[in-house]
Amino acid sequence: MAYAMTLTALADPTRRAVFESLRNGPAAVGAIAAGLPVSRPAVSQHLKALKQAGLVADRAEGARRVYYIDPDGLGELRRWIDQFWTDALTAFKHEVEHPDTPPGTLKGRNPS
Amino acid sequence: MSATIQITPVRKTVWVAATPQRAFEVFTAGIDRWWPKAHSLGAAPLCESVIEPFVGGRWYSKHADGTEAVIGHVLVWQPAERFACTWEISAEWKPDARVAFASEVEVRFVSEPSGGTRVELEHRNFERMGEGAGEKMRNAVDGGWPALLDLYAKSTSNDAAET
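(A) Structural view of the sheet that holds strand β3 (residues 64–69) of chain A. Read across the open sheet, the three strands follow the order β1-β3-β2 (chain A); overall the sheet is antiparallel. This sheet does not close on itself; its edge strands, each paired only once, are β1 (27–28) and β2 (56–61) of chain A.

(B) Helix α4 (residues 40–52) of chain A, seen in detail. All names here are of chain A. Here α4 contains 13 residues, and its C-alpha end-to-end distance of 18 Å stays within 8% of the 18 Å for a straight helix at 1.5 Å per residue. For α4, every residue scored as buried is listed here: Val43, His46, Leu47 and Leu50. Looking straight down α4, one finds that the buried residues subtend no more than 105° of arc, so they occupy a single side. Away from its buried face, by an angle of more than 90 degrees, α4 presents the exposed residues Pro41, Lys48 and Gln52. Looking one or two residues past α4, glycine 54 carries a phi angle of roughly 80°, positive in sign.

(C) Here's a closer look at the nonpolar core. Counting 27 residues, the largest nonpolar core has Phe92 of chain A together with Ala23, Phe27 and Val119 of chain B as the members making the most contacts within it. Those elements that place two or more of their residues in this core are α5 (75–97) of chain A together with β1 (10–16), α1 (20–28), β4 (68–78), β5 (82–87), β6 (103–111) and β7 (117–124) of chain B. Residue contributions to this core peak at six residues, all from α5 of chain A. Setting aside its immediate chain neighbours within four residues, alanine 23 of chain B contacts Val96 of chain A together with Val16, Ala18, Phe109, Thr117 and Val119 of chain B. Ranked by size, the runner-up nonpolar core spans 13 residues in total, among them Ala9, Leu22, Val43 and Leu50 of chain A.

(D) Fine view of the pairing of β4 of chain B. Residues and elements named next belong to chain B. Note that strand β3 (residues 58–63) and β4 share five bridges and pair antiparallel. Its bridge partner lying in β4, lysine 62 is registered against glutamate 68. One ladder, built from four bridges, connects β4 with β5; its direction is antiparallel. Across the sheet, glutamine 78 pairs through a bridge with arginine 82, a residue of β5. Count of turn residues in the β4/β5 antiparallel hairpin: three residues, of which alanine 80 carries a positive phi of about 75°.

(E) Region of interest: the sheet that holds β7 of chain B. Residues and elements named next belong to chain B. Taken in spatial order, the seven strands of this open sheet run β1-β7-β6-β5-β4-β3-β2, and their pairing is antiparallel. Here the strands that pair on one side only, and so sit at the sheet edges, are β1 and β2 (46–51). Taking the axes of each pair of neighbouring strands and ignoring which way they run, one obtains an average angle of 20° across the sheet. In this structure, β5 lies alongside β6, joined through six bridges in antiparallel fashion. Bridging from a neighbouring strand, phenylalanine 83 pairs with valine 107 of β6. Sitting on the sheet, α1 is in contact with β1, β2, β5, β6 and β7, with an inclination near 150° to β6.

(F) Seen up close, the environment of serine 49 of chain B. All names here are of chain B. Considering the arrangement of structural elements, one finds serine 49 in strand β2. Separated by 15 residues in the primary sequence, serine 49 and tryptophan 34 place their C-alpha atoms 9.3 Å from one another. Once residues lying within four places of it in the same chain are set aside, the contact partners of serine 49 are Ile31, Asp32, Trp35 and Ser61.

About the thresholds
- Residues numbered from 1 in each chain as written.
- Chains lettered and ligands numbered in written order.
- Predicted model: local features only at pLDDT ≥ 70, side-chain atom pairs only at ≥ 80, totals over all residues.
- Pairing = 2+ DSSP bridges.
- Helix = DSSP H or I, 4+ residues; strand = E, 2+ residues; numbered from the N terminus.
- Expected span 1.5 Å × (residues − 1).
- Buried ≥ 20, exposed ≤ 12 C-beta atoms within 10 Å, placed from the backbone.
- Arc of directions from axis to C-beta.
- Core = buried A, V, L, I, M, F, W, Y, C linked by C-beta atoms within 7 Å.
- Contact = placed C-beta atoms within 7 Å.
- Axes fitted to C-alpha atoms, helices over the stretch in contact; angles between N-to-C directions.

The structure is reproduced here in structure tokens:
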């Protein structure tokens, strides 16, 4: 499964707690650690894994770094759905415009 | 934690050389003529796709092994203008009747001044995928994502049991 990595990243309960703590808005490592029974270094490690899975992004805010949920999260799954509809609408367009011609024999404008 | 994770909807637009009436007709009544057979959401190869033409109607597919798979139910039915349905597919991308709060697909058919029809598709509410997927999950979590994860874990362990 293409998006298994995304889901695997959330399989760890502590990591999921770190992830969910960002549901209320962007936060720095210290603030996240303060709300959880986990050390700062451990929170940093979990954030790193979440970032690699495309679930969390970060940015510099002055001297500190804040983490936030990537709105395009579940990246792989979303990309898969995106391609799924591109393929479907390409087939749909072909059927509307060339109902008597087999698909794949004509070039048309693809969905954007 | 009352905040909900919002996942950006998937939006697609395609222009077709046809009236909105015809585009709507082909999309819905004619779905079996264009829906890619490779896009099977059931366990067996796809034979036929059907969208029942009324609010509450099913979008379902018939498969080679005689089974039917429900993809969703019609939420909006406005011929030549708009069509929307639930998308009752689990995180494992399989039909799942337990997914009480599914994602949604909306398709709008807009007449273009220069001719033809702009077909706008939006697939949204992914954060609801897997929500309400069972009593246990409802009790255990307050959001859709952990439930999604549980569904995933469950489906992978089912696969392991079958092989």
